[in-house]
Amino acid sequence: MKHSRRTGDIMLRCYECALKDETEEAVAICIMCGKGICMEHAHRIDLPIWEGGYPTPVKVMKKGLPRFVCSDCGNILVPGACE
Ligand SMILES: [Zn+2]
Ligand SMILES: [Zn+2]
């Protein structure tokens, strides 16, 4: 029997594209809100390493991993960065 098998169900879709009725595979996940975001909507930000004020020493990465955020969160973190 014919069973239509949909591949791509596991695929994480870009949330912002989904809002526009588009289906785009997410390549990153917003570190702030956890949305899937595609290449187009992912904004790479270089956050300063968390420092200052915390009593517990936070492990600091040498170069910092690329961090991706969605447009909304990007604008919150770095105002004007993601127009
Ligand atoms: Zn997208
Ligand atoms: Zn976000």
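Above this text sits the structure in question.
Only a predicted model underlies this, so the values are computations on that prediction, with no experimental measurement involved.

Enquirer: Help me understand the overall build of the protein chain, please; the structure alone is not making it clear to me.
Expert: Helices and strands together make up the secondary structure of the protein chain, namely two helices and four strands. The N-to-C order of helical and strand elements in the protein chain reads α-β-β-β-β-α. The buried share of the protein chain, reckoned over its 83 residues, is 22%. Looking at the protein chain alone, contacts between residues at least 24 apart form 45% of all its contacts between residues at least 6 apart.

Enquirer: Honestly, the nonpolar core in this entry has me stumped. Any pointers?
Expert: Among soluble globular proteins, nonpolar side chains are generally buried collectively. C14, Y15, A26, A28, C30, I37, C38, A42, F68, V69, C70 and C73 form the largest nonpolar core, which has 12 residues in total. Every residue in contact with A26, bar those within four places of it in the chain, is listed here: L12, R13, C14, G36, I37 and C38.

Enquirer: In this structure, what is going on with the environment of C30? I would like to understand it.
Expert: Within the secondary structure, C30 is located in the loop between β1 (28-29) and β2 (36-37). Residue classification places C30 among the buried positions, given that 23 C-beta atoms sit within 10 Å. Between the C-alpha atom of C30 and that of V69, which follows or precedes it by 39 residues, the distance is 4.0 Å. For C30, the residues in contact, after removing those within four places along its chain, are K35, I37, F68, V69, C70 and C73.

Enquirer: What am I meant to see in the environment of G36 here?
Expert: Position of G36 among the secondary structure elements: in strand β2. Using a count of 22 C-beta atoms within 10 Å as the deciding quantity, one classes G36 as buried. Between the C-alpha atom of G36 and that of F68, which follows or precedes it by 32 residues, the distance is 9.9 Å. Residues contacting G36, with those up to four places away along its chain left out, are L12, R13, C14, Y15, A26 and I29.

Enquirer: Sorry if this is basic, but what is going on with unusual backbone geometry here?
Expert: The phi torsion at D21 lies on the positive side, around 65°, for a residue other than glycine. Relative to the helices and strands, D21 is located in the loop between α1 (15-19) and β1.

What counts and what doesn't
Residues numbered from 1 in each chain as written. Chains lettered and ligands numbered in written order. Predicted model: local features only at pLDDT ≥ 70, side-chain atom pairs only at ≥ 80, totals over all residues. Helix = DSSP H or I, 4+ residues; strand = E, 2+ residues; numbered from the N terminus. Buried ≥ 20, exposed ≤ 12 C-beta atoms within 10 Å, placed from the backbone. Contact = placed C-beta atoms within 7 Å. Core = buried A, V, L, I, M, F, W, Y, C linked by C-beta atoms within 7 Å.

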